[in-house]
Amino acid sequence: MDIEILLLMGFFIHDLCWELEELYWDSEISDREKIIVYRGQALHNTESHFLKKKKFYLIHYILCYIADKLKFPDEARDHYEEVLELMSDLTEDERHRLAPTYAGIARLFYREKDFDSALSYYEEAIKLALIASTIDKIKLEFYYNEVALLFRDNDHYDKALKNLDDALKCVIEGKLPSTHPDMAKIYFNIGSVHYREKHYDESLEYYQKCLNIQLRSLPSNHPALVRSHIEMSKILKERNCIEEAIKQTC
């Protein structure tokens, strides 16, 4: 079997599933029980044109993913720009679909330490996500989290905490359970910001909140648990609590 074709089809199917899920939750669909997906016969010309564009749009997304994984940021950015060009005629009500593309470009800039460009694209992604008729709170939480890390790494701690607070609200409004790993991730990031500020009591409090969730929702050998224990031990060492620090690393 051709492994490369299988991999490409895997990316395609993953994205197709995401598109179908988004369609399912679209507020214009009244019947939540089921949706009908047609194979394409007897399509109107405008629908056929859209599907052709969609095909190229998905191909560019696949190529973005591959270029990013192979660490070719310029090529990945070119394909993201092609997606924006292909979808440039979306109506105002449809433009929210471009939010993941802007976020993808932002991540590329972030990895290249071009923080101003990254922030600009993240802000556009958030703005687009907020205009959707049904706002995807979990997607927004992801964007706020990434913006928070951008601010943290540039020593803008108040702005980092503000975005993490927004991310926390999204998780709550998205009705995720209080033991969801996304909640733990936010608590961990809040702890990391307080650690940078040398607010060790606050940092330890949030790392402990993170750890409590991880112990309930993750397997005992998960790397995230190890990371939480290590960060907590660093704080305990700063406070000269050597025995407690050792316990965290054992």
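What you are looking at is a predicted structure, and each value in this text was computed from that prediction instead of being measured.

Draft legend 1. The environment of Glu146, seen in detail. Note that Glu146 resides in helix 6 (residues 137-153). Judged by relative accessible area, Glu146 falls into the buried class, the value being 14%. Here the alpha-carbon distance between Glu146 and Ala118, two residues 28 residues apart in the chain, equals 10.0 Å. For Glu146, the contacting residues outside a window of four places in its chain are Arg107 and Tyr122. Among the polar contacts listed, one links the side chain of Glu146 to the side chain of Tyr122, at a separation of 2.9 Å.

Draft legend 2. Local environment of the packing of helix 4 (residues 99-111) against helix 5 (residues 115-130). In contact at an axis separation of 8 Å, helix 4 and helix 5 are set at 165° when each is read in the N-to-C sense. Looking at the two axes, helix 4 sits roughly antiparallel to helix 5. Here helix 4 and helix 5 pass one another in a crossing that is left-handed. Across the interface between the two elements, Ala99, Tyr102, Ala103, Ile105, Ala106, Arg107, Phe109 and Tyr110 of helix 4 pack against Phe115, Ser117, Ala118, Tyr121, Tyr122, Glu124, Ala125, Leu128 and Ala129 of helix 5.

Draft legend 3. Here's a closer look at the pattern of salt bridges. This model, assessed by the stated rule, comprises 13 salt bridges. The residue Lys185 makes a salt bridge to Glu141 at a minimum N-O spacing of 3.7 Å. Placement of Lys185 in helix 8 (residues 181-196) and of Glu141 in helix 6 is noted, with a sequence separation of 44 residues between them. Among the salt bridges present, the one from Arg152 reaches Asp153, with a minimum N-O distance of 3.0 Å.

Criteria and cut-off values
- Residues numbered from 1 in each chain as written.
- Predicted model: local features only at pLDDT ≥ 70, side-chain atom pairs only at ≥ 80, totals over all residues.
- Heavy atoms only, no water.
- Helix = DSSP H or I, 4+ residues; strand = E, 2+ residues; numbered from the N terminus.
- Buried < 20%, exposed > 50% of the residue type's maximum accessible area, 1.4 Å probe, protein only.
- Contact = heavy atoms within 4.5 Å.
- Polar contact = N/O pair within 3.5 Å; in protein donor to acceptor, adjacent residues only side chain to side chain.
- Axes fitted to C-alpha atoms, helices over the stretch in contact; angles between N-to-C directions.
- Parallel < 35°, antiparallel > 145°, perpendicular 65-115°, else oblique.
- Left-handed = near helix turned anticlockwise from the far one by under 90°.
- Salt bridge = Lys/Arg side-chain N within 4 Å of Asp/Glu carboxyl O.

By themselves these figures say nothing about function.
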